[in-house]
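What follows is the residue order along each chain.
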Amino acid sequence: ALVGCAFLGPWILMTRPQAIVVSRWGLYSIRSVATYGAMLAMIYGIAHVPIADVTSLLLTTPLVTVLLAATFLGEKVGLHRWAALVVGCAGALLIIRPGFATVTFASVAGLAAALGYGIANASTKALTRTDHPDVVAFWMYGLIVPLSLPAAIWHWTTPSWADMPVILFLGAATIMSQFCMSRALASADTSVVLPAYYLQMPFSAGCALLLFDEVPAAIVWLGAAVIAGSAYYTALRERRAGKAG
């Protein structure tokens, strides 16, 4: 969070310093708490189960986001969207395999993270209606710094200089993803933007294979395909409905 703020903060101060002062602190705080909780769940899951398993369950994030956007932001949800949500949940159950595999918090951590990120995405969509996307991106991590500070102090391990390139890369990549997401959500509905989430699965699985020799099980790919297909169907329906309108 500190590295991300260090990258984006100077850019905002140089380009639009007056915009960094915002008023909707309640919604900003809810979003940062949800994001921090999702980050904790995701990292816990990655530490204990294969990366592809966690990422596959994260693919439910767009479905959660669409549901929340419909409930709180007034985006319409018809029968086809509800059907896609049900199918997406079925895909998640394929990956977790309750009753056939031992279900632990680590195995469902991706779902907990998806819920947190879904809340964050819906909040981001609401915030971009009044605030500049760059500022919306900055304050997510600006508020995560004080949230994460107590746990960071309690469990502190001083990183070595050899860790710094990875830490810098992670901070830059994280803030850039939120920078792009805020701008995308400011320009289009959640159901149009979020199908891009499904690129996470092949990217993360490829990196896990190259770096850690982790090979995803066939059932994981099947569940991911079901989840991705359900949301991609939703996106196609929205596109056709938009053209018809």
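Worth saying up front: this structure is predicted, and the values here are computed from it rather than measured. (Residues numbered from 1 in each chain as written. Predicted model: local features only at pLDDT ≥ 70, side-chain atom pairs only at ≥ 80, totals over all residues. Heavy atoms only, no water.)

## Let's talk about the overall build of the chain
Within the chain, the regular secondary structure consists of 11 helices and 0 strands. Along its sequence from the N terminus, the chain presents helices and strands in the succession α-α-α-α-α-α-α-α-α-α-α. Across the 245 residues in the chain, those meeting the buried criterion constitute 43%. Taking all contacts inside the chain whose residues are at least 6 apart in sequence as the whole, residues at least 24 apart take part in 85%. (Helix = DSSP H or I, 4+ residues; strand = E, 2+ residues; numbered from the N terminus. Buried < 20%, exposed > 50% of the residue type's maximum accessible area, 1.4 Å probe, protein only. Contact = heavy atoms within 4.5 Å.)

## Observations regarding helix H4 (residues 61–72)
Between the first and last C-alpha of H4 there are 16 Å, a value that for 12 residues agrees with the 16 Å anticipated at 1.5 Å per step. Residues of H4 that are buried include every one of Thr61, Pro62, Leu63, Thr65, Val66, Leu68, Ala69 and Ala70, and no others. Note on H4: the residue one or two positions beyond its end, Gly74, has a positive phi of about 80°. (Expected span 1.5 Å × (residues − 1).)

## Things to note about the nonpolar core
Side chains of nonpolar character tend, in soluble globular proteins, to be buried together. If you look at the biggest cluster of nonpolar residues, it comprises 20 residues, and the most contacted ones within it are Leu8, Ile12, Tyr28, Val135, Phe138, Trp139 and Tyr141. Contributions of two or more residues to this core are made by helix H1 (2–15), helix H2 (25–48), helix H6 (105–127), helix H7 (133–154) and helix H8 (164–187). Counting residues per element, this core draws most heavily on H7, at 9 residues. Excluding residues within four positions of it along the chain, Phe138 makes contact with Cys5, Leu8, Gly9, Ile12 and Ile20. (Core = buried A, V, L, I, M, F, W, Y, C linked by side-chain atoms within 4.5 Å.)

## Some details on the pattern of salt bridges
Within this structure, the stated rule accounts for 2 salt bridges. For the salt bridge of Asp134 with Arg16, the shortest nitrogen-to-oxygen distance reads 2.9 Å. Of this pair, Asp134 sits in helix H7 while Arg16 sits in the loop between H1 and H2; the two residues are 118 residues apart in sequence, bridging distant segments of the chain. The class of Asp134 is buried, set by a relative accessible area of 0%. (Salt bridge = Lys/Arg side-chain N within 4 Å of Asp/Glu carboxyl O.)

## What to know about the side chain of Thr128
Locating Thr128 in the fold gives a position in the loop between H6 and H7. Given the relative accessible area of 12%, Thr128 is considered buried. Within the local environment of Thr128, its side chain forms a polar contact with the backbone oxygen of Lys125, the two atoms lying 2.8 Å apart. Setting aside anything within four residues of it in sequence, one finds Thr128 in contact with Pro133, Val136, Ser182, Leu185 and Ala186. (Polar contact = N/O pair within 3.5 Å; in protein donor to acceptor, adjacent residues only side chain to side chain.)

## Topic: the environment of Trp139
By secondary structure assignment, the location of Trp139 is in helix H7. C-alpha of Trp139 to C-alpha of Arg31: the two residues are 108 residues apart in sequence and 9.6 Å apart in space. Leaving out residues up to four positions away in the same chain, Trp139 has contacts with Ile20, Val22, Trp25, Tyr28, Arg31 and Ser32.

## Looking at the packing of aromatic side chains
Within this structure, the stated rule accounts for 3 aromatic pairs. Ring centres of Trp25 and Trp139 lie 5.0 Å apart, and the angle between their planes is 85°; this geometry places the pair in the edge-to-face category. Of this pair, Trp25 sits in helix H2 while Trp139 sits in helix H7, and the two are 114 residues apart along the sequence. Residue Trp25 is classed as partly exposed on the basis of its relative accessible area, which comes to 35%. Judged by its relative accessible area of 18%, Trp139 is buried. For the pair Phe138 and Trp139, a centre-to-centre distance of 5.1 Å together with 75° between the ring planes defines the contact as edge-to-face. (Phe/Tyr/Trp six-rings, centres within 6.5 Å; stacked < 30°, edge-to-face > 60°.)

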